[in-house]
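Spelled out, the chains give:
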Amino acid sequence: MTRLGNEPGANGKSATSAVQSVDRAVSVLEILARRGEAGVTEIAGELGVHKSTAFRLLGVLENRGLVAQAKEHGAYHLGAGVLRLAGAAALRLDISQEGVPVCRELADELGETVNMAVLDEDAAVNIMQARGTAAVTAQNWLGRRTPLHATSSGKVLLAHVRPALRESRLTRPLPRFTEHTVVDPSVLRTELDRVLEEGYAVTLEELELGLAAVAAPVRSHDGSVIAAISVSGPVYRLTAERLPRLGSRTAAAAAELSRRMGYGF
């Protein structure tokens, strides 16, 4: 590993010291994962640090819910925060795995590009892509962050966030990408309500000229929307007349993936 220099950080500590603290904190989690529980003295011994240092590390981790202390004997164990992080990672991995055959079948059937996107703060991030036979020249969307208000996946994800969160995002300026981009919050609110009613979202040249798309929500076992499946292609194939039929088929594929994720059981 490349050794960092001792340049001051924003809080006055050296970069080396900050990295060392992070490394030790991760080591504490690994110790507790291996042992089940351990006291401050045991943890300090394994780390090779003073008890006061181990105590400070445990205090930070406890404040973030990553470790907890047993009241009866004072030993530490992993906290519920670790489960929260592990669950989020497992969910992302599970949906990627389960989504492959669903997206592949949809792409083969329609001949167009199929993407699956998840919400990442103020953007939709494409985590999977399958290309149909008609999409040989389609661009690669995998890993791209796309705006919520100008993409079909983004509109699906935005439509299903908590109302207060949706409103907070609609109060911010909406960038225009083409002459068809919806930048009026009141118009976008109406569109998002329609997404909730119809079960899918549509965009026509709102992100890029010549590009159209439809998307539908994927739900987890508890009914929350965790992703969106979209079908995109050129407007001469994805015409305004064809989009509703594609929307229904995409919604059916999203429902199938939702079933695989445990929704409806």
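Just so it is clear, the structure is predicted and the values come from calculations on it, not from any experiment. (Residues numbered from 1 in each chain as written. Predicted model: local features only at pLDDT ≥ 70, side-chain atom pairs only at ≥ 80, totals over all residues. Heavy atoms only, no water.)

## Some words on the overall build of the protein chain
Right, so step 1: Assigned secondary structure in the protein chain consists of 8 helices and 8 strands.
Right, so step 2: Residues counted as buried form 41% of the 265 residues belonging to the protein chain.
Right, so step 3: Considering only contacts within the protein chain whose residues lie at least 6 apart along the sequence, 55% involve residues at least 24 apart.
Right, so step 4: By element, 54% of the accessible surface of the protein chain is carried by carbon and sulfur atoms, the whole surface being about 14,200 Å². (Helix = DSSP H or I, 4+ residues; strand = E, 2+ residues; numbered from the N terminus. Buried < 20%, exposed > 50% of the residue type's maximum accessible area, 1.4 Å probe, protein only. Contact = heavy atoms within 4.5 Å. Areas by Shrake-Rupley, 256 points an atom, 1.4 Å probe, with all protein chains shown as cover.)

## Section: the pairing of strand S4 (residues 123-131)
Side-chain direction in a regular strand flips from residue to residue, so the side chains alternate between the two faces of the sheet.
Right, so step 1: Here 8 bridges tie strand S3 (residues 113-120) to S4, and the two strands are oriented antiparallel to one another. Each residue of the ladder has a partner; that of Asn115, found in S4, is Gln129.
Right, so step 2: From the end of S3 to the start of S4, which pair antiparallel, there are 2 residues, and Glu121 there has a positive phi angle of about 60°.
Right, so step 3: The sheet contact formed by S4 and strand S5 (residues 145-147) spans 3 bridges and is antiparallel. Counted as the bridge partner of Ala124 is Thr146 from S5. (Pairing = 2+ DSSP bridges.)

## Points about helix H5 (residues 152-159)
Think of an α-helix as turning once every 3.6 residues; residues three or four places apart then point the same way.
Right, so step 1: In terms of burial, H5 is a largely internal element, 8 of the 8 residues being buried.
Right, so step 2: The complete set of buried residues in H5 reads Ser152, Ser153, Gly154, Lys155, Val156, Leu157, Leu158 and Ala159.
Right, so step 3: Its side-chain oxygen 3.0 Å from the backbone nitrogen of Gly154, Thr151 forms the N-cap of H5. (Polar contact = N/O pair within 3.5 Å; in protein donor to acceptor, adjacent residues only side chain to side chain.)

## Topic: the confidence of the model for the protein chain
Right, so step 1: Per-residue confidence for the protein chain averages 86 on the pLDDT scale, and 88% of its residues sit at or above 70.
Right, so step 2: Low confidence marks residues 1-10, where pLDDT is under 50. Its contacts with residues over four positions away, or in another chain, come to 13 contacts. (pLDDT = per-residue confidence, 0-100.)

## Topic: the environment of Thr171
Right, so step 1: Within the fold, Thr171 resides in the loop between helix H6 (163-170) and helix H7 (185-198).
Right, so step 2: When the C-alpha positions of Thr171 and Pro185 are compared, they lie 7.3 Å apart, and in sequence the two are 14 residues distant.
Right, so step 3: At a separation of 2.7 Å, a polar atom in the side chain of Thr171 contacts the main-chain carbonyl oxygen of Ser168.

## Topic: the pairing of S3
Right, so step 1: Buried residues dominate S3, accounting for 6 of its 8 residues.
Right, so step 2: As defined by bridge partners, S3 adjoins strand S8 (residues 225-234) across 5 bridges and the pair is classed as antiparallel. Note that in S8 the partner of Met116 across the bridge is Ile229.

## Brief notes about the side chain of Glu112
Right, so step 1: Structurally, Glu112 is set in the loop between helix H4 (80-110) and S3.
Right, so step 2: For Glu112, a relative accessible area of 1% gives the class buried.
Right, so step 3: A distance of 2.8 Å separates polar atoms of two side chains, one belonging to Glu112 and the other to Arg237.

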